[in-house]
Amino acid sequence: MEEKTLFEKILAGEIPSEKVYEDDIVYAFKDINPQAPVHTLVIPKTKWRGFPDFENSSSEAIGEYMKGIARVAKELGLEEGGYRVVFNWGDDAQQTVQYVHAHIIGGRQLTWPPG
Ligand code: AMP
């Protein structure tokens, strides 16, 4: 069997995390190395390794995940001021965990383009 990724271990409670929100669809926790006053990771309870897995997945499940990300941002109080959602895939984007995760980044004025 494939080894569990770090985020599957976090989801299973095998590795501690600072939970900020959870429901049937998503689990959200603080990034250990925050890049802004708010830096939260939102993982789906359905396993996808990253964007390429979406092509053969149910649109409804993907849509529910997106709605879950929006719910977390609202819970974090970022809706009014705004926020950035980042997904990294693969080496060029420096993805380090092979389990899809949205970075919600906010709480300060962000710059563009990202590095
Ligand atoms: P990525 O580079 O898109 O794969 O993002 C992985 C993110 O996970 C990075 O921003 C890390 O700081 C974060 N991270 C790594 N280990 C942990 C952990 N144990 N708890 C919370 N966040 C973590």
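Remember, predicted model here, so these are calculated numbers, not experimental data.

Draft legend 1. View of the site of the ligand. If you check the shell around the ligand, you find 16 residues, and the closest are Asp31, Asn88, Thr96, His101 and His103. Within the contact set of the ligand, an oxygen atom lies 2.5 Å away from a side-chain nitrogen or oxygen of Asp31. The separation between an oxygen atom of the ligand and a polar main-chain atom of Val97 is 3.2 Å. Coverage of the ligand by the protein amounts to 82% of the 500 Å² it exposes when considered alone. Contributing elements (two or more residues each) for the shell around the ligand: helix H1 (6-11) and strand E2 (26-30). A total of three residues in the shell around the ligand trace back to one element, the largest contributor, which is H1. Looking at side-chain class alone, the shell around the ligand contains seven nonpolar, seven polar and two charged residues.

Rules and cut-offs
- Residues numbered from 1 in each chain as written.
- Predicted model: local features only at pLDDT ≥ 70, side-chain atom pairs only at ≥ 80, totals over all residues.
- Heavy atoms only, no water.
- Near = heavy atom within 4 Å.
- Polar contact = N/O pair within 3.5 Å; in protein donor to acceptor, adjacent residues only side chain to side chain.
- Areas by Shrake-Rupley, 256 points an atom, 1.4 Å probe, with all protein chains shown as cover.
- Helix = DSSP H or I, 4+ residues; strand = E, 2+ residues; numbered from the N terminus.
- Nonpolar A, V, L, I, M, F, W, Y, C, P; charged D, E, K, R; others polar.

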